[in-house]
Amino acid sequence: SQQGEEDPQALSIQEGENATMNCSYKTSINNLQWYRQNSGRGLVHLILIRSNEREKHSGRLRVTLDTSKKSSSLLITASRAADTASYFCATDSGGNQFYFGTGTSLTVIP
Amino acid sequence: ETGVTQSPTHLIKTRGQQVTLRCSSQSGHNTVSWYQQALGQGPQFIFQYYREEENGRGNFPPRFSGLQFPNYSSELDVNALELDDSALYLCASSAAGARETQYFGPGTRLLVL
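The rules behind each value
- Residues numbered from 1 in each chain as written.
- Chains lettered and ligands numbered in written order.
- Predicted model: local features only at pLDDT ≥ 70, side-chain atom pairs only at ≥ 80, totals over all residues.
- Heavy atoms only, no water.
- Helix = DSSP H or I, 4+ residues; strand = E, 2+ residues; numbered from the N terminus.
- Buried < 20%, exposed > 50% of the residue type's maximum accessible area, 1.4 Å probe, protein only.

Asks: I would appreciate a short explanation of the environment of A:Ala82 in the present structure.
Replies: Position of A:Ala82 relative to the elements: it lies in the loop between β8 (71-76) and β9 (85-92). Residue classification places A:Ala82 among the exposed residues on the basis of a relative accessible area of 61%.

Asks: Quick question: what am I supposed to make of unusual backbone geometry here?
Replies: Here the residue pair A:Asp7 and A:Pro8 is connected by a cis peptide bond, since its omega of 0° sits within 30 degrees of zero. Along the chain, the position of A:Pro8 falls in the loop between β1 (5-7) and β2 (10-14). That bond from B:Ser7 to B:Pro8 is cis: its omega, -10°, falls within 30 degrees of zero. Note that B:Pro8 resides in the loop between β1 (5-7) and β2 (10-13). Its identity as a non-glycine residue notwithstanding, B:Glu52 has a phi of 75°, on the positive side. Assignment of secondary structure puts B:Glu52 in the loop between β5 (44-50) and β6 (53-57). For B:Glu52, a relative accessible area of 39% corresponds to the partly exposed category. Its identity as a non-glycine residue notwithstanding, B:Ala80 has a phi of 45°, on the positive side. For B:Ala80, the position within the fold is in the loop between β8 (74-78) and β9 (87-95).

As structure tokens, then:
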């Protein structure tokens, strides 16, 4: 079974709008990461947030983490058509396994 | 580009056959993990190798096995293929001091008929 679950499963927005996707997980974690995947190819690491951090920024990306609710959100501001992809959260509980969620499929309409 | 390469890109096999997938890690990375990603799902951890030793395994049967070589390239072997083994197989490499940051290859898409 997979640790994380993303919400929504699919999201369609206009170029320039913001996109928000959420991730919930079940057990305590050391860190949580977000990845992007284009058309069933390899995953690209976007951002890592540690369990003692609440918010992190990287360019147009903003990630929040609420360990009390076991949830995280990824905000992409001023979206572009090139942001169209699937987005996955992955949790690291300190072992050697990373648990991925089922992903959010984002479509940005030009 | 992450510097992680996988071969082949696509593969078609029949049920019961055996398959070997290959991964070349990013330079300087001594840890490699393998994942199976079924269509519409997130990647599932198969196992991890560190310095040529298995260093963790997910919920996969023994017919999934692996090797890591001194140059840190690796192989995933799957015996007695089943239809449900059809998936995208991803490898990811990481450095010992930054294990949490994984660099993924483009994947091998396996179809079992």
